[in-house]
Amino acid sequence: LEASEDRTWFVPAGYVAKSGSAIAYLYRNENRLSASRFVALQDLHRIAISESDGVVILDDYLGSGQQARLLWESLPSLKLPDRIPCPVVFATLVGERAGIALVTADTEMRVVVGHELTEADWPLSEHSAVYNSATTRGHAEAVLRRYGERLFPAHPLGFRNSQALLGFFYSTPTTTLPIFWSSESGWK
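Here goes a summary of the coordinates provided.

What counts and what doesn't
- Residues numbered from 1 in each chain as written.
- Predicted model: local features only at pLDDT ≥ 70, side-chain atom pairs only at ≥ 80, totals over all residues.
- Heavy atoms only, no water.
- Helix = DSSP H or I, 4+ residues; strand = E, 2+ residues; numbered from the N terminus.
- Buried < 20%, exposed > 50% of the residue type's maximum accessible area, 1.4 Å probe, protein only.
- Contact = heavy atoms within 4.5 Å.
- Areas by Shrake-Rupley, 256 points an atom, 1.4 Å probe, with all protein chains shown as cover.
- Lys, Arg positive; Asp, Glu negative; His and termini not counted.
- Charge placed at Lys NZ, Arg CZ, Asp CG, Glu CD.
- Pairing = 2+ DSSP bridges.
- Axes fitted to C-alpha atoms, helices over the stretch in contact; angles between N-to-C directions.
- Salt bridge = Lys/Arg side-chain N within 4 Å of Asp/Glu carboxyl O.
- Phe/Tyr/Trp six-rings, centres within 6.5 Å; stacked < 30°, edge-to-face > 60°.
- Lys NZ or Arg CZ within 6 Å of the ring centre and 35° of its normal.
- Core = buried A, V, L, I, M, F, W, Y, C linked by side-chain atoms within 4.5 Å.
- Expected span 1.5 Å × (residues − 1).
- Arc of directions from axis to C-beta.

## Description of the overall build of the protein chain
Scanning the protein chain from terminus to terminus reveals 4 helices and 4 strands. Secondary structure of the protein chain in N-to-C order comes out as β-α-β-α-β-α-β-α. Projected onto its principal axes, the C-alpha positions of the protein chain cover 55 × 35 × 30 Å. Relative to its 188 residues, the protein chain shows a buried fraction of 44%. Restricting to contacts in the protein chain with at least 6 residues of sequence separation, those with at least 24 account for 61%. On the protein chain, roughly 10700 Å² of surface is accessible, and the fraction owed to carbon and sulfur atoms is 52%. Of the side chains in the protein chain, 17 bear a positive and 21 a negative charge, and the two mean positions are spaced by 6 Å.

Listed below in structure tokens is the structure:
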């Protein structure tokens, strides 16, 4: 993104109570940026965006990429021109390789992530850096499934079988194994 700081608009992903707002707040403070450069997605149409501008959509986690793609597809309903005339960047702290590929292929957004997750980050993957033998992975999966089915029955290994081992100081995504975040049935 080559727009200058005073022509870059920062947009939290999702609605106000989602993690995108928390990330935008932290990003603004850390970089000592003016609050006037931050705008809610639904208010983006109120800004006269030019080709020399830049739009950066901020979020904490890019999983499958489905939510980012839906966000992109929602832009026309926000009274924006058919095409935003400047570069749009989807910037996130952590992103899964498959989600990055989906957003890159299905939208006009450029994706920037602080840390990219690969198959090595999934504990039950054949390429796992957590469990290096099939036997150990099999035992671990049995335990994770047994507890996960009680805690998050539709997705015992995390949303869409993500097997994530990811948490932020303010929340944990549902893609993370439910043994780490669920409080169902008195689980601690």
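## Details of the sheet that holds strand β2 (residues 54–62)
Taking strand neighbours across the sheet as the criterion, the 4 strands line up as β1-β2-β3-β4 in an open arrangement whose pairing is parallel. The open sheet is flanked by β1 (8–12) and β4 (110–117), the only strands paired with a single partner. Sheet twist, expressed as the average angle between the axes of neighbouring strands with direction ignored, equals 20 degrees. Across 7 bridges, the pairing between β2 and strand β3 (residues 88–96) is parallel. Its bridge partner being in β3, Asp 59 is matched across the sheet by Thr 92. On the sheet, helix α3 (residues 97–106) packs against β2, β3 and β4 and is oriented at approximately 175 degrees with respect to β4.

## Details of the pattern of salt bridges
Counted by the stated rule, this structure contains 5 salt bridges. Between Arg 46 and Asp 43 there is a salt bridge, and its shortest N-O distance comes to 3.6 Å. Classification of Asp 43 as partly exposed rests on a relative accessible area of 24%. Arg 97 is the partner of Glu 116 in a salt bridge, and the nearest nitrogen-oxygen pair spans 2.7 Å.

## Structural notes on the packing of aromatic side chains
Summed over all chains, the structure comprises 6 aromatic pairs. Arranged with centres 5.4 Å apart and planes meeting at 50 degrees, the rings of Phe 10 and Tyr 27 form a pair that is tilted. Residue Phe 10 is found in strand β1, and its partner Tyr 27 is found in helix α1 (residues 19–30); the two are separated by 17 residues along the sequence. Ring centres 5.4 Å apart and planes at 5 degrees place the aromatic pair Phe 168 and Tyr 170 in the stacked group. We classify Phe 168 as buried; its relative accessible area is 15%. Just above the ring of Trp 9 sits the side chain of Arg 37; from NZ or CZ to the centre is 3.6 Å.

## Here's the deal with the nonpolar core
One recurring pattern in soluble globular proteins is that nonpolar side chains are buried together. In terms of nonpolar packing, the biggest core is built from 23 residues, with Leu 44, Val 55, Ile 57, Ile 84 and Met 109 touching the most fellow members. Elements with a contribution of two residues or more to this core: β1, β2, α2 (66–74), β3 and α3. In this structure, Ile 23, Phe 38, Val 56 and Leu 58 belong to the second largest nonpolar core, which totals 9 residues.

## Here we look at α1
Given a rise of 1.5 Å per residue, 12 residues ought to cover 16 Å, and the 16 Å separating the end C-alpha atoms of α1 matches this to within 8%. Burial in α1 covers these residues: Ser 19, Gly 20, Ile 23 and Ala 24. In an axial view of α1, the angular spread of the buried residues amounts to 140 degrees, which keeps them on one side of the axis. Buried-residue contacts for α1 involve β1, β2 and β3.

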